[in-house]
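# Architecture at a glance
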Amino acid sequence: MTVLRARDLYRFYRVGDEETLALRGVCLEVPAGKLLTVAGPSGSGKSTLLACLAGLDEPDGGSVYLRETRISHRPEHERSALRARHIGTLFQSANLLEHLTIRRNLELVQRLVGQRDRHRADALLEAVGLTRRSGARPSELSGGEAVRAGLAVALANDPDVLIADEPTGELDGQTEAEVLTLIRDQADRGKAVVLASHSAAVAALADQVIQLKDGQVQP
């Protein structure tokens, strides 16, 4: 079953008289239980595409669907509600609030959908190997710990979709492998997973790899 679908996505940026075409008619489908990697050089549109898929940015043309629900071209509060319930996002540090401990970050995300599931929070912290570090703040974590904490936060509400933008870009090889094992496990458990990455290790774990160049999917 297709969980996340994009149809003919276009995104334009204008600075003065100059217009940049960040996405040009991108189409993709991500079924449940599959991991899709978006590859391509810097400036190819990977981050823009993931932002549109997550409902963090609006495409200028085309639409994004979560199953049969359109999540693009809706008011921000509606997109936020859909994202909080159904889409987990993982960036290198952007989904961790510095003034909160890792556990408090988890609890905050759960409260966004009106729940506080301490058992799930405990299970996530154990799964990512951070039970003993749950009282630490993001600045007190190593790079690998920060990514694993971000993954736990992204999964706090058991989303249908996990979207990650260069999650292992600053990690050493061993730590990258550990994080990718955790992410691959989410696909194997039935989630639709989308990763943007330059890493050959990420591509090797994927069920499908698409190449972006100048905002277009390459044949």
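Up top you'll find the structure we're talking about.
Our subject in this report is the structure included herewith. (Residues numbered from 1 in each chain as written. Predicted model: local features only at pLDDT ≥ 70, side-chain atom pairs only at ≥ 80, totals over all residues. Heavy atoms only, no water.)

## Remarks on the sheet that holds strand β9 (residues 208–213)
Strands pair in a sheet through their backbones, by hydrogen bonds, and they do so in one of two ways: parallel or antiparallel. Read across the open sheet, the six strands follow the order β6-β7-β8-β3-β9-β10; overall the sheet is mixed. The sheet terminates laterally at β6 (87–90) and β10 (216–217), the two strands that pair on one side only. In this sheet, β10 lies alongside β9 in antiparallel orientation, the contact comprising two bridges. Across the sheet, residue L212 finds its bridge partner in β10, namely V217. Contacting β6 and β7 (161–165), helix α5 (residues 143–154) crosses the sheet at an angle of about 165° to β6. (Pairing = 2+ DSSP bridges. Helix = DSSP H or I, 4+ residues; strand = E, 2+ residues; numbered from the N terminus. Contact = heavy atoms within 4.5 Å. Axes fitted to C-alpha atoms, helices over the stretch in contact; angles between N-to-C directions.)

## A closer look at the state of the cysteines
The final tally for this structure, using the stated rule, is zero disulfides. C27 takes part in no disulfide bond, and the closest cysteine sulfur to it belongs to C52, at a distance of 13 Å. Among the residues examined, C52 registers a relative accessible area of 1% and is labelled buried. (Disulfide = S-S within 2.5 Å. Buried < 20%, exposed > 50% of the residue type's maximum accessible area, 1.4 Å probe, protein only.)

## Quick word on the pairing of β7
The element β7 is extensively covered by neighbouring structure, given that five of its five residues are classed as buried. The two faces of β7 match: V161, I163 and D165 on one face and L162 and A164 on the other face are all buried. Sheet topology places β6 next to β7; four bridges connect them, and they run parallel. Residue pairing for β7: G88 is matched across the bridge by L162. Bridge count for β7 against strand β8 (residues 192–196) is five bridges, and the pairing is parallel.

## Notes on the packing of helix α3 (residues 102–111) against helix α4 (residues 118–127)
α4 packs onto α3 with a crossing angle of 135° between their chain directions and a minimal axis gap of 10 Å. One way to sum up the angle between α3 and α4 is to call them oblique. For the pair α3 and α4, the crossing hand works out as right-handed. On the side of α3, the interface is formed by I102, R103, L106, E107 and Q110, while α4 contributes R118, R120, A121, D122, L124 and L125. Here the contact of α3 with α4 is composed, by residue class, of five nonpolar, one polar and five charged. (Parallel < 35°, antiparallel > 145°, perpendicular 65-115°, else oblique. Left-handed = near helix turned anticlockwise from the far one by under 90°. Nonpolar A, V, L, I, M, F, W, Y, C, P; charged D, E, K, R; others polar.)

## Some remarks on unusual backbone geometry
The phi angle at R67 is positive, at roughly 55°, despite the residue not being glycine. Structurally, R67 is set in the loop between β4 (61–66) and β5 (69–70). Among the residues examined, R67 registers a relative accessible area of 35% and is labelled partly exposed. Backbone geometry at D158 places phi at a positive 50°, although glycine is not the residue there. Inspection of the secondary structure assignment puts D158 in the loop between α5 and β7.

## Things to note about α4
Every buried residue belonging to α4 is among A121, L124 and L125, and all of these are buried. With its buried residues spanning 100° around the axis, α4 presents them on a single face. The exposed residues of α4 that point more than 90 degrees off its buried face are H119 and E126. Residues of α4 that are buried in the fold lie against α3 and α5. Where α4 begins, the capping side chain belongs to D117, and its oxygen is found 3.2 Å from the backbone nitrogen of H119. Once α4 ends, the next one or two residues include G129, with phi positive near 70°. (Arc of directions from axis to C-beta. Polar contact = N/O pair within 3.5 Å; in protein donor to acceptor, adjacent residues only side chain to side chain.)

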